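# Geometric and topological summary
Residues per chain are reported as follows:
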Amino acid sequence: MEFLTNLRKNRLALWGLLILVPMFFTAVFAQLLSPHNPVEPNMKNVLAAPSFSHPFGTDMLGRDVLSRVVYGSRVSLLVGFVSVGIATIIGVLLGAVSGYYGGVVDAIIMRFVDLMMCFPTFFLILAVIAFLEPSIWNIMIVIGLTSWMGISRLVRAEILSIKNKEFVLAARAEGLSNARIIFSHILPNALSPVWVVATLGIGGAILTESALSFLGIGVQPPTASWGNLLAQAKDNIEIAWWLSLYPGIAIFLTVMGYNLLGEGLSDILDPRRRYQAR
Amino acid sequence: MGTLLSVSELERFYEIRRTVFSLKKETVRAVDGVSFDLEDAQTLGIVGESGSGKSTLARCISFLEPADRGDVTFMGRDWLRVPSKERKTLRPQMGIIFQDPYSSLNPRKRVARIISEPLEAREGSSQRELLRSKAIEALEDVGLGEDFLDKYPHEMSGGQRQRIAIARALSTRPRFLIADEPVSSLDVSVQAQIINLFLDLKERLSFAMLFISHDLNIVRFISDHVMVMYRGKIMEMGPAEDIFQTPFHPYTRMLTGRESNGDAPSAEPVLEHQGRPGCVFFSRCPERNKHCQTEVPRLSGPGSHRAACLQYAP
């Protein structure tokens, strides 16, 4: 409840939600909201400029761009959530184990993190996707598997500071198991910053998917994603500006929305910054 | 009445580097050859300035920290070496209370959960009704009402929080309670209430207690026996009244205020002494002589009142 009150007072988070909530509705009710079938070609009406029946115009196969952008939001939101979900689960588990047990375990996990961080992530993803079938599920998994390192470092640092607090000692003295102590006592107190980083990460994941789709190894046509809409648009960019503009705006707004929400959350969840005027 | 807890030659050393870059590691002897016995339903007070190893001793006994050497016998078992399964069954017999009630209660849990967790760990089950009724019982023990069950720690005062910590430690009806500076972080008026609560609870529930404090008056008030520690070693131990009536050791006299600190240098950094032979108290002792610098004093004395000082040789 306190969280909601603070959320209502935070302008950054509100702006973020103002963008994201309609975006969610769009994704969920894509079928109702899109005026045309997004994959049905209409060869009589290709590359038509925005008009009343096609507000965002049509593409080189005569498909309605608005409908394709609306359906593309499903891909983007799904990619954002699933890949960041995967990254968060891996990051939190490895970070928690590393921070709580320390010693050799910590050293091994953290060197693994260093190793993963040394790879230029985008090229790693490119290389992996090149060998796999380019499907949306593969993309989400690969993005998830290559973006958990920051979260695990963050969680480790939080846990290092919490594990010596007296309430954790008390739990150990009660004879609780290590798993119970980690999941019931330490993690709930360590997760606030993780929500912030994960929220910001969703924006990053959406951008990565768009970039992959733009390069042609992401979501495959005829399924619409904002990235492959842009990729198809580039061939006709001189004569049909509407093909690139609207998917571009959609990506921009969504990523912006997550970044604003993430910034806002970091204010709300950090008690030291909570009372600063905004 | 039998011996509940017996500690013998317990040692706990830390290796530290003076600065991040120093290659040489130095050893801090946090607990250095401590031995004592604690009878059922008795209270042993441990006194000493900060850094004297009181808390480390408590943590070694409660198995929160490994001991490097020595033995602890608890309820007849070799406590430091029992298989972890057996230790788990003995855990509920040992309660522990920490100094700071602001950090010893998980800020995200309600009082009901905080108090019933040790019970849950013991029973291995979570029958809600039973746990709740036991939690209410534990709250009543410490003078708080049922309406505290659903509160969060930040909704309570320091004294109330410490009562919750006590209720948690006693919820399994342990035979042995470790209280590590339980009143040091409380207001003076609240201190008295909590001390009275301890006395009252001890009478009703009859448990043995290890009561750690740097405040001699409190220790004197609550303890049957007292142990004075300095730099990880026992300086003097014996029945509480004897120690306060006729303190043998110069350090005890200094703590009781019988003797002014005089021109003796006050506390020096812990590290300065490491590796030097002789009495650990040498540099601050007003009665030192040249033997004190070379010879290590042993605990000796008539009956149960003993001191580790060369000046006091019976």
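Sequence order as written defines the numbering, with residues in each chain counted from 1. Lettering for chains starts from A, numbering for ligands starts from 1, and both go in the order in which the items are written. Selection of residues for local features in this predicted model requires a pLDDT of at least 70, selection of side-chain atom pairs for listing and counting requires 80 or more, and totals for whole chains, interfaces and linings are taken over all residues.

## Overview of the overall build of chain A
- By the criteria applied, helices consist of DSSP H or I runs no shorter than four residues and strands consist of E runs no shorter than two, each listed in order from the N terminus. Scanning chain A from terminus to terminus reveals 14 helices and zero strands.
- The principal-axis extent of the C-alpha atoms belonging to chain A is close to 75 × 45 × 25 Å.
- Counting other C-beta atoms within 10 Å of its own, a residue is labelled buried from 20 upward, exposed at 12 or fewer, and partly exposed in the gap between, with every C-beta atom placed from the backbone. A buried classification covers 44% of the 278 residues belonging to chain A.
- For chain A, contacts bridging at least 24 residues in sequence account for 70% of all contacts bridging at least 6. By definition, residue pairs are in contact when their C-beta atoms, positioned from the backbone, come within 7 Å.

## Thoughts on the overall build of chain B
- Per the secondary structure count, chain B includes ten helices and eleven strands.
- Relative to its length of 314 residues, chain B is compact, with a C-alpha radius of gyration of 21 Å against a globular reference of 20 Å.
- Along the first, second and third principal axes, the C-alpha atoms of chain B reach 70 × 45 × 40 Å.
- Per-residue burial for chain B yields a buried fraction of 40% across its 314 residues.
- Contacts in chain B between residues far apart in sequence, at least 24 positions, make up 65% of those at least 6 positions apart. Radius of gyration: over C-alpha atoms. The globule rule applied is 2.2 Å multiplied by the number of residues raised to the 0.38 power.

## A few points about the sheet that holds strand E5 (residues 77-78) of chain B
Residue and element names in this part refer to chain B.
- Ordered by their spatial adjacency, four strands build an open sheet running E2-E1-E4-E5, and the pairing between neighbours is antiparallel. Single-partner strands in this sheet number two, and they are strand E2 (25-39) and E5.
- Think of it this way: DSSP has to see at least two bridges between two strands before they count as a pair. Looking at chain direction, strand E4 (residues 69-74) and E5 are connected through two bridges and run antiparallel. Each residue of the ladder has a partner; that of threonine 73, found in E5, is aspartate 78.

## Digging into the interface of chain A and chain B
- The partner chain B presents 16 residues to the 13 residues of chain A that form the contact.
- Those elements that provide at least two residues to the side of chain A that touches chain B are helix H9 (166-173) and helix H10 (178-190) of chain A.
- Among the elements that make up the side of chain A that touches chain B, the one with the highest residue count is H9 of chain A (six residues).
- Gly counts as polar in this scheme, as do all residues outside two lists: the nonpolar Ala, Val, Leu, Ile, Met, Phe, Trp, Tyr, Cys and Pro, and the charged Asp, Glu, Lys and Arg. Tallied by class, residues from the side of chain A that touches chain B come to six nonpolar, three polar and four charged.

## A word on the confidence of the model for chain B
- Here chain B averages 84 in pLDDT, while 92% of its residues score no lower than 70.
- Values of pLDDT, the confidence the predictor places in each residue, fall between 0 and 100. Note on residues 261-266 of chain B: pLDDT is under 50 here. Beyond four places in sequence and across chains, it has nine contacts.

## So, the sheet that holds strand E7 (residues 176-180) of chain B
Residues and elements named next belong to chain B.
- If you walk across this open sheet you meet the seven strands as E6-E7-E8-E3-E9-E10-E11, and the pairing is mixed. Two strands close off the open sheet at either side, each with one partner strand: strand E6 (94-97) and strand E11 (306-307).
- Judged from the four bridges that link them, strand E3 (residues 43-47) and strand E9 (residues 225-230) form a sheet pairing that is parallel. From the neighbouring strand, glycine 45 faces E9, where its bridge partner is valine 226.
- Angular values range over 0 to 180 degrees, each being the angle between N-to-C directions of two axes fitted as lines to C-alpha atoms, with helices fitted over their stretch in contact. Sheet strands in contact with helix H5 (residues 158-170) are E6 and E7, and its direction is about 165° off that of E6.

## Concerning helix H6 (residues 188-205) of chain B
- Here the expected length of a helix is defined as 1.5 Å per residue gap, with one fewer gap than residues. With 18 residues, H6 of chain B ought to run about 26 Å at 1.5 Å a step, and its terminal C-alpha atoms sit 26 Å apart, in line with that.
- Serine 206 of chain B sits one or two positions beyond H6 of chain B and adopts a positive phi of about 40°.

## A few points about the packing of helix H5 (residues 103-118) of chain A against helix H8 (residues 149-162) of chain A
All names here are of chain A.
- Packing of H5 against H8 brings their axes to within 10 Å, and their N-to-C directions diverge by 150°. With respect to each other, H5 and H8 are oriented roughly antiparallel. The element H5 and its partner H8 pack so that their crossing is left-handed. Where H5 abuts H8, its residues Val113, Met116 and Met117 lie against Met149, Ser152 and Arg153.
- A class-by-class count of the residues in the contact of H5 with H8 yields four nonpolar, one polar and one charged. Convention used here: angles under 35 degrees read as roughly parallel, angles over 145 as roughly antiparallel, angles from 65 to 115 as roughly perpendicular, and any remaining angle as oblique. By convention the crossing between two helices is left-handed if the near helix lies anticlockwise of the far one by an angle smaller than a right angle, and right-handed if it lies clockwise.

## Some remarks on the nonpolar core
- To define a nonpolar core, we join buried Ala, Val, Leu, Ile, Met, Phe, Trp, Tyr and Cys residues through C-beta atoms within 7 Å and take the resulting set. Counting residues in each nonpolar core, the largest one holds 146 residues, and the members touching the most others are Ile151 of chain A together with Leu210, Val228 and Met235 of chain B.
- In terms of residues, this core owes the most to one element, helix H4 (residues 65-101) of chain A, which gives 13 residues.

## Here we look at the confidence of the model for chain A
- Summing up the model confidence of chain A, the mean pLDDT is 85 and the portion of residues at 70 or higher is 96%.
- Overall, residues 274-278 of chain A carries pLDDT values under 50, and its contacts beyond four positions in sequence, including any with other chains, amount to seven contacts.

## Focus: the pairing of E3 of chain B
All names here are of chain B.
- Among the five residues that make up E3, five are buried, leaving the element largely enclosed by the rest of the structure.
- Burial along E3 is two-sided: Thr43, Gly45 and Val47 facing one way and Leu44 and Ile46 facing the other are all buried.
- The pairing of E3 with strand E8 (residues 208-213) spans five bridges and is parallel. The residue bridging valine 47 from the neighbouring strand is serine 213, located in E8.

## Overview of unusual backbone geometry
Residues and elements named next belong to chain B.
- A positive phi angle is found at glutamate 9, which is not glycine, with a value near 50°.
- Its location among the elements puts glutamate 9 in strand E1 (residues 3-17).
- Backbone geometry places glutamate 181, a non-glycine residue, at a positive phi of 50°.
- Structurally, glutamate 181 is set in the loop between E7 and H6.
- The exposure class of glutamate 181 is buried, given the 21 C-beta atoms found within 10 Å.

## Re the pairing of strand E10 (residues 233-239) of chain B
Residues and elements named next belong to chain B.
- Counting buried positions along E10 gives six out of seven residues, so the element sits mostly inside the fold.
- The pairing of E9 with E10 spans six bridges and is classified as antiparallel. Considered in E10, the bridge of tyrosine 230 is made with lysine 233.
- Joining the antiparallel neighbours E9 and E10 is a turn of two residues, in which arginine 231 adopts a positive phi near 50°.
- As paired strands, E10 and E11 are joined by two bridges and run antiparallel to one another. Paired with methionine 237 across the two strands is arginine 306, which belongs to E11.

## Digging into the environment of isoleucine 162 of chain A
Residue and element names in this part refer to chain A.
- Inspection of the secondary structure assignment puts isoleucine 162 in helix H8.
- For isoleucine 162 and tyrosine 100, which are 62 residues apart along the polypeptide, the C-alpha to C-alpha distance reads 9.3 Å.
- Dropping the residues within four chain positions of it, isoleucine 162 is found in contact with Val168, Ile186, Asn189 and Ala190.

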